[in-house]
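# Structure at a glance
Read off the chains here:
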Amino acid sequence: MILQPSSRLSIGFGIGLALRRQHSRPAEHVALQASRHDEATNISAPAKHSPQNSRVAHMNMANAVHSALEAAMELEPKSCVFGEDVAFGGVFRCTVGLQSRFGKNRCFNTPLSEQFADYIYPAFDQMVNEAAKYRYRSGGMYNVGGLTLRAPYGAVGHGGAYHSQSPESFFCHVPGLKVVIPSSPMEAKGLLLASIFEPDPVVFFEPKMMYRTSAEDVPTGSFTIPLGKARVISTGQDITLVGWGQQVVVLMEAAKLAKQEGVSCEIIDLRTLQPWDRETVIASVEKTGRLLVSHEAPLTGGFGAELVAEVTKKAFTSLLSPPVRVCGMDTPFPLVLESIYLPSALRVLEAIKSSVLY
């Protein structure tokens, strides 16, 4: 007997957002290609709909996440959202109005443990031992049905030990899971929709610092940014800077400071950590000869080590100095010392200068 995958989408929030979908991709859904340098966007779309011709709205990241959820629920009538407090909009207001628009059977509360990635661990067994292995255990006959787990992660300025952590490396270690982290409202909407319509389970971490601090014009229609493809934000000649989420903004600030001292930085937003875009990163390092990876998570065991190891293996003869990591510290996340714990633009700048002068 062949078991068919469920066609019901379920979206969970808090520890996640889970979506189940039918395998047919809606004709209105379009693809936003990954080759976006600064504000330039190349879009490949069906004739029926293209973000280039659609209306745009100025959105912060919370608005963009809401727009993506709304678009997914419009495109797939069997989709649903569930999680802690999503019925009234959630603490970050990303699901406001979804229940009133789509009904209580498609947007409903569940007794999850908080709405932060710090509290994702009670679901770790189900995510790692069940969801991630569904397709493998069935020999490819069925999958988990388009499960996407959303979780706000990272520093927020006052979160302390239990509302500031970055646990992405735990999930990058699990075959069968995809891990995605956006760095702007446009990225959040396109990557979230791509995650929702991805048949494999996706852990989608949202940098909560950016919910209100990052804003830009975003197409109101449905579009996707391909998973597994990094974004080159700016080109440079002297060193490659790689990050994800809020840390991309820090790298951009550091690159501006470095430019004042005559150092040209190439900045890459990794977007998808699992699977990550090896080709783009390695090609950049082969050009610049140097690599700096930065993330908020602690240094030891952080995902930056994976990038450093792979680049060292594949681009060893191109390296002009050892790859470096600028990361959070190997301590619990502090409260009053948060500014010291986090890898700031000045810490990144000092690492840039040390690498270039090596």
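Residue numbering note: each chain is counted from 1, following its sequence as written. The predicted origin of the model limits local features to residues at a pLDDT of at least 70 and limits the giving and counting of side-chain atom pairs to 80 or more, whereas totals for whole chains, interfaces and linings rest on all residues. Calculated side-chain values reflect all of the structure's heavy atoms, with hydrogen atoms and water omitted.

### Comments concerning the overall build of the chain
Note on conventions: DSSP H or I runs of at least 4 residues are helices, E runs of at least 2 residues are strands, and numbering of each starts at the N terminus. Of the regular secondary structure elements, the chain holds 12 helices and 17 strands. Here's how the labels work: a residue is buried when its accessible area is under 20% of the maximum for its type, exposed when over 50%, partly exposed in between, all with a 1.4 Å probe on protein chains only. When the 358 residues of the chain are sorted by exposure, 56% land in the buried category. Contact between two residues is taken to exist if any of their heavy atoms lie within 4.5 Å; hydrogens are not considered. The contacts in the chain between residues at least 6 apart in sequence include a share of 79% that link residues at least 24 apart. Per-residue and other accessible areas were derived by the Shrake-Rupley procedure at a 1.4 Å probe size, with only the shown protein chains allowed to occlude residues. Roughly 14,900 Å² of accessible area belongs to the chain as shown, and the carbon and sulfur atoms make up 55% of that amount.

### Quick look at the nonpolar core
The nonpolar side chains of a soluble globular protein tend to be buried, and buried together. Nonpolar core, defined: a set of buried Ala, Val, Leu, Ile, Met, Phe, Trp, Tyr and Cys residues in which side-chain atoms within 4.5 Å join the residues together. Of all hydrophobic cores here, the largest spans 39 residues; its most connected members are Phe205 and Leu270. Looking at this core, the elements that each hand over two or more residues are α3 (124-130), β7 (148-153), α5 (168-172), β9 (202-207), α9 (278-288), β16 (291-298) and α10 (304-314). The contacts of Phe205, once residues within four sequence positions are left out, are Ala117, Ile120, Ala151, Tyr153, Pro167, Glu168, Phe171, Val179, Val180, Ile181 and Pro182. Core analysis: the second largest hydrophobic core is formed by 33 residues, Phe92, Cys94, Met186 and Ile196 among them.

### Description of a nonpolar patch on the surface
Like-charged residues are merged into a patch within 9 Å and nonpolar side chains (Val, Leu, Ile, Met, Phe, Trp, Tyr) within 5 Å, provided each residue has over 30% relative accessible area and no salt bridge. Every case where a carboxyl oxygen of Asp or Glu lies within 4 Å of a side-chain nitrogen of Lys or Arg is listed as a salt bridge. A cluster of nonpolar side chains, contributed by Met329, Leu335, Val336, Leu337 and Ile340, occupies part of the molecular surface with about 500 Å² of accessible area. Inspection of the secondary structure puts Val336 in the loop between β17 (324-328) and α11 (338-341). Judged by its relative accessible area of 75%, Val336 falls in the exposed class.

### Some remarks on the sheet that holds β17
Spatially, the 5 strands line up as an open sheet ordered β12-β14-β13-β16-β17, and their pairing is mixed. Looking at strand neighbours, the two that pair on one side only are β12 (231-234) and β17, the edges of this open sheet. Going from strand to strand, the sheet's axes swing by 25° on average, the running direction of each strand aside. Only the stretch in contact is used when a helix axis is fitted, and all axes are lines through C-alpha atoms; the angle between N-to-C directions ranges over 0 to 180 degrees. Sheet strands in contact with α9 are β12, β13 (239-243), β14 (265-269) and β16, and its direction is about 175° off that of β14. Here the rule is simple: two strands pair whenever DSSP picks up at least two bridges between them.

### Quick word on the pattern of salt bridges
In total, this model carries 15 salt bridges according to the counting rule given. We note a salt bridge from Glu187 to Arg231, for which the minimum N-O separation is 3.3 Å. Here the residue Glu187 occupies a position in helix α6 (residues 185-196), and Arg231 occupies one in strand β12, the gap between them amounting to 44 residues. What makes Glu187 buried here is its relative accessible area of 0%. The class for Arg231 is buried, based on a relative accessible area of 6%. Between Arg271 and Glu187 there is a salt bridge, and its shortest N-O distance comes to 2.6 Å.

### Here we look at the confidence of the model for the chain
What pLDDT reports is the predictor's confidence in each residue, on a scale of 0 through 100. When pLDDT is averaged along the chain, the result is 87; 85% of the residues meet or exceed 70. This stretch, residues 20-29, has a pLDDT under 50; its non-local contacts, to residues over four places away or in other chains, come to 40 contacts.

### Regarding helix α12 (residues 345-356)
A helix is expected to span 1.5 Å multiplied by its residue count minus one. With 12 residues, α12 extends 16 Å between its outermost C-alpha atoms, agreeing within 8% with the 16 Å of an ideal straight helix rising 1.5 Å per residue. Turning to α12, its buried residues are Ala345, Val348, Leu349, Ala351, Ile352 and Ser355. One face of α12 carries all of its buried residues, which in axial projection span an arc of 165°. The inward-facing, buried residues of α12 abut β13, α8 (247-260), β14, β16 and β17. Think of the arc as the fan of directions from the helix axis to the C-beta atoms.

### Observations regarding the environment of Leu98
Mapped onto the elements of the fold, Leu98 is located in helix α2 (residues 98-102). Of the residues examined, Leu98 reaches a relative accessible area of 1% and is grouped as buried. Residues Leu98 and Val81 lie 17 residues apart in sequence; the distance between their C-alpha atoms is 8.4 Å. Those residues in contact with Leu98, other than ones at most four positions away along the chain, are His66, Leu69, Glu70, Met73, Val81, Gly103 and Cys107.

### Some remarks on the side chain of Glu168
Mapped onto the fold, Glu168 is located in helix α5. Think of it this way: Lys and Arg go in the positive column, Asp and Glu in the negative one, and His and the chain ends go nowhere. Summary of buried charges: Glu168 has no salt-bridge partner, and the nearest side chain of opposite charge, Lys208, is 10 Å away. Identification of polar contacts relies on pairs of N or O atoms within 3.5 Å, with a donor-acceptor requirement for protein atoms, meaning one able to donate a hydrogen and the other able to accept it, and with residues adjacent in sequence counted only if both atoms are side-chain atoms. For Glu168, the side chain forms a polar contact with the side chain of Trp244, separated by 3.1 Å. Setting aside its immediate chain neighbours within four residues, Glu168 contacts Tyr153, Val179, Ile181, Phe205, Trp244, Leu273, His295 and Ala297.

### Focus on unusual backbone geometry
In this structure, the amide linkage connecting Gln274 to the following residue, Pro275, adopts the cis form with an omega of 0°. Within the secondary structure layout, Pro275 lies in the loop between β15 (272-274) and α9. Even without glycine at this site, Asp85 takes up a positive phi of about 65°. The phi torsion at Arg93 lies on the positive side, around 65°, for a residue other than glycine. Assignment of secondary structure puts Arg93 in the loop between β5 (81-83) and α2.

### Let's talk about the environment of Met252
Inspection of the secondary structure assignment puts Met252 in helix α8. Taking the C-alpha atoms as reference points, Met252 and Ile268, 16 residues apart in sequence, are found 9.8 Å from one another. In this structure Met252 touches Ile233 and Ile267, once residues within four positions along its chain are discounted.

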